[in-house]
Amino acid sequence: MLVLLGSAGNISMAATPAYQLHWQHDFSAAEQAKLSQWLAFSSQATLNQLGPYPFEMQLYLYRRPGNEPVPWANTWREHSQQIHFYVAPQFNKAQFIADWTAYHEMAHLALPYLGRRHAWFAEGFASYMQYQIMQQAGLIDSAASHISTKFAVQRKHYLQQHSMADTAALLLSQRRFAAGYWGGAQFFVVAERLLQQQGKAPLNQQIQRYQQCCRLQDTNLQQVIRSLDSVSDSTVFSQLLQQFNQLPAAQFLQLYQL
Ligand SMILES: [Zn+2]
């Protein structure tokens, strides 16, 4: 197995390399060059927004036939912070870079694994951040408009008495992934807005601070929320979580005009 070290070039304070590549299948030299450049770009774009991370990402690559550049990917956290990318190497570098998957998966690693019950939070976070990262990298014009377009088609699922969190969790358990993800992402849409209203730094900067103080300590959602309140010197996150857990979803959407 060939292992390459990578680093996010413009993050001078990062003591550890940003990531390590693991080629799990045979890839030609040209394919390796293309995929290495894609992951260098993706990690730099992600860490510019959310990092540096206080750990090295372990990136595993597998071949898989598909009609998109990354037909499947997932994170795995047992012994290290891993992302497994199943890639269709016939696509070109620009097509890999334009694909949202790497930004989504790398964003996941900004938070600890939160358990199945809180998958709505983890997926909402990664879904929200993938477009923030892509906007910052110049790949899309407006993250906000992408996110609201994605949620618009799922909004009907949330016009009801169960809470936002319960509804998103139920949709995920029914494998209605887009519905669960983009409902969960509304937590971060509102958090961003509340931070701005209170004169606080934007969410991505709060996540950057979180990496340094708390990322390696926290192991559950309650701790993450407490840490995010602390780094933002606010109660934005705990109060919002309470509303996300307790208000009827329809009322939540009305309250925040979502
Ligand atoms: Zn995800």
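Residues numbered from 1 in each chain as written. Predicted model: local features only at pLDDT ≥ 70, side-chain atom pairs only at ≥ 80, totals over all residues. Heavy atoms only, no water.

Looking at the metal site, the zinc ion is ligated by His-104 (NE2), His-108 (NE2) and Glu-123 (OE), spaced 2.0 to 2.1 Å from it. Site description for the zinc ion: donor spacing in sequence, H-x3-H-x14-E. Taken together, the residues span a long stretch of sequence, with His-104 in helix H3 (residues 101–108) and Glu-123 in helix H4 (residues 119–136) at a distance of 19 residues. The exposure class assigned to Glu-123 is buried, which follows from its relative accessible area of 15%. (Donors = N, O, S within 2.8 Å, 3.2 Å for Na, K, Ca; no water. Helix = DSSP H or I, 4+ residues; strand = E, 2+ residues; numbered from the N terminus. Buried < 20%, exposed > 50% of the residue type's maximum accessible area, 1.4 Å probe, protein only.)

Turning our attention to the layout of surface pockets. For the largest pocket, the calculated volume is near 1400 Å³. Lining the largest pocket are 38 residues, and of these Trp-72, Ala-119, Glu-123, Phe-177 and Tyr-181 sit closest to its centre. Per-element accounting of the lining of the largest pocket gives the leading share, seven residues, to H4. In terms of residue class, the lining of the largest pocket is built from 19 nonpolar, ten polar and nine charged. When we break the lining of the largest pocket down by domain, the ones giving at least three residues each are domain 1 (3–108) and domain 2 (117–255). Tyr-128, Ala-144, Val-189, Glu-192 and Arg-193 are, among the 17 residues lining the second largest pocket, the residues nearest its centre. Counting residues per element, the ones that place at least two in the lining of the second largest pocket are H4, helix H5 (143–152) and helix H7 (177–197). For the lining of the second largest pocket, the element with the highest residue contribution is H7, accounting for six residues. In terms of residue class, the lining of the second largest pocket is built from nine nonpolar, four polar and four charged. (1 Å grid on protein atoms, 1.4 Å probe; cavity = no way out; pocket = protein on both sides within 12 Å on 5 of 7 lines; lining within 4 Å. Points joined across faces, edges and corners; volume = space filled by probe spheres on them. Nonpolar A, V, L, I, M, F, W, Y, C, P; charged D, E, K, R; others polar. Domains from an automatic or database assignment.)

What follows concerns the confidence of the model for the chain. For the chain, mean pLDDT is 94; residues scoring 70 or higher make up 94% of the total. Segment residues 1–12: pLDDT under 50, and 32 contacts once partners within four positions in sequence are set aside and those in other chains are kept. (pLDDT = per-residue confidence, 0-100. Contact = heavy atoms within 4.5 Å.)

Counting buried positions along strand S5 (residues 82–87) yields six of six residues, so the element is predominantly enclosed. Alternating positions in S5 separate into two faces, Gln-82, His-84 and Tyr-86 on one and Ile-83, Phe-85 and Val-87 on the other, with burial throughout. Pairing of strand S3 (residues 57–63) with S5 involves six bridges; the strand directions are parallel. Pairing of Tyr-62 across the sheet is with Tyr-86, part of S5. As paired strands, strand S4 (residues 72–76) and S5 are joined by five bridges and run antiparallel to one another. Paired with Thr-75 across the strands is Ile-83, a residue of S5. (Pairing = 2+ DSSP bridges.)

Among the nonpolar cores identified, the biggest contains 80 residues, and Trp-38, Met-57, Leu-61, Phe-85, Phe-187 and Phe-252 are the most heavily contacted of them. Examining the composition of this core, we find that nine residues originate from one element, H7, more than from any other. Both domains that meet at this core, namely domain 1 (3–108) and domain 2 (117–255), each give it at least three residues. Aside from chain neighbours lying at most four places away, what touches Met-57 is Ala-18, Tyr-19, Gln-20, Ser-43, Leu-47, Gln-81, Ile-83, Met-106 and Leu-109. (Core = buried A, V, L, I, M, F, W, Y, C linked by side-chain atoms within 4.5 Å.)

In this section: the pattern of salt bridges. If you walk through the whole model with that rule in mind, you get one salt bridge. When the shortest N-O distance is used, the salt bridge between Arg-63 and Glu-31 registers 2.8 Å. Of this pair, Arg-63 sits in strand S3 while Glu-31 sits in helix H1 (residues 29–50); the two residues are 32 residues apart in sequence, bridging distant segments of the chain. Among the residues examined, Arg-63 registers a relative accessible area of 34% and is labelled partly exposed. (Salt bridge = Lys/Arg side-chain N within 4 Å of Asp/Glu carboxyl O.)

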